[in-house]
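Structural description and commentary
Each chain, letter by letter, is given below.
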Amino acid sequence: MSIDRCCDPELVFDLADGALTPEREREARAHLASCPVCKAAYEREVALSARLRDLEPLEAGCPSVCREVAMALPTRSRSVRLLWSVLAGFVLLASLGVWVTSDASPALAILGVLGSLWGLVSGGFDGMRTLAVLAGPVLLAALAVGAVLDLALAAFVLSLSRRRAREA
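Residues numbered from 1 in each chain as written. Predicted model: local features only at pLDDT ≥ 70, side-chain atom pairs only at ≥ 80, totals over all residues. Heavy atoms only, no water.

This part is about the overall build of the protein chain. Helix and strand counts for the protein chain stand at six helices and zero strands. When the helices and strands of the protein chain are listed from N to C terminus, the series reads α-α-α-α-α-α. Counting only residues that meet the buried cut, the protein chain has 13% of its 168 residues in that class. Here the contacts in the protein chain between residues at least 6 apart in sequence split such that 50% fall between residues at least 24 apart. Within the structure as shown, the protein chain displays about 13,300 Å² of accessible surface, and the carbon and sulfur contribution to it stands at 69%. (Helix = DSSP H or I, 4+ residues; strand = E, 2+ residues; numbered from the N terminus. Buried < 20%, exposed > 50% of the residue type's maximum accessible area, 1.4 Å probe, protein only. Contact = heavy atoms within 4.5 Å. Areas by Shrake-Rupley, 256 points an atom, 1.4 Å probe, with all protein chains shown as cover.)

Here it is in structure tokens:
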């Protein structure tokens, strides 16, 4: 489970940096006591900061890893990385298969594969354009119904406010 599915990762980094007000720090520590995901992230941040302090002396005024650097670190899950590596392997194997089975030169085989990929991308965009064209009238009708309902609601609120003004 990653921290971005649970809570606010900036809170964890601010707590590790000591950048929270005392009241906010108490709230954060109370949250860490009840949230094992954030507690593990906090402990990782503190350990990382300690290891980095041991490697090189940090500049004065920067007791921990800067928040921007920590937030820029890759956070892809293991399953996403595995999926990307399988996809890359499939593309490489398909390219190798096309190259081996073709009678043409490797350059022509690569151009053929790139042409096929371009056709796939172009077809995808054509499909999205067709979907947008088909969805246009539906969206227009929904906007029209919403406008009519807004006018009806405005008329009701106006009549209600006039009635209350007359009664008062």
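On the surface, a cluster of nonpolar side chains totalling about 620 Å² of accessible area is made up of L108, I110, L111, L114, L117 and L120. By the secondary structure assignment, L111 is in helix α6 (residues 106–167). The class for L111 is exposed, based on a relative accessible area of 55%. (Patch = residues over 30% accessible without salt bridge, like charges linked within 9 Å, V, L, I, M, F, W, Y side chains within 5 Å. Salt bridge = Lys/Arg side-chain N within 4 Å of Asp/Glu carboxyl O.)

Once that is clear, we can look at the pattern of salt bridges. As enumerated under the stated definition, the model contains three salt bridges in all. Across the pair R29 and E25 runs a salt bridge, and its minimum N-O distance is 3.3 Å. Of this pair, R29 and E25 both sit in helix α2 (residues 22–34), four residues apart, roughly one helical turn. What makes R29 partly exposed here is its relative accessible area of 38%. Residues R129 and D126 are paired through a salt bridge, measuring 2.4 Å at the closest nitrogen-oxygen approach. Of this pair, R129 and D126 both sit in helix α6, three residues apart, which is roughly one turn of the helix. Of the residues examined, R129 reaches a relative accessible area of 53% and is grouped as exposed.

In this section: the nonpolar core. Counting eleven residues, the largest nonpolar core is built from L11, V12, L15, L20, A28, L32, C35, V37, C38, A41 and Y42. At the level of secondary structure, the elements contributing two or more residues to this core comprise α1 (9–17), α2 and α3 (36–55). Sort the elements by how many residues they give to this core and α3 lands first, with four residues. (Core = buried A, V, L, I, M, F, W, Y, C linked by side-chain atoms within 4.5 Å.)

Before going further, it helps to examine the confidence of the model for the protein chain. For any part of a model where pLDDT is low, the fine detail of the predicted coordinates should not be relied upon. Mean pLDDT for the protein chain: 80, with 79% of residues reaching 70 or above. Here residues 1–5 is modelled with pLDDT under 50, and outside its nearest four sequence neighbours on either side it reaches seven contacts, counting other chains as well. (pLDDT = per-residue confidence, 0-100.)

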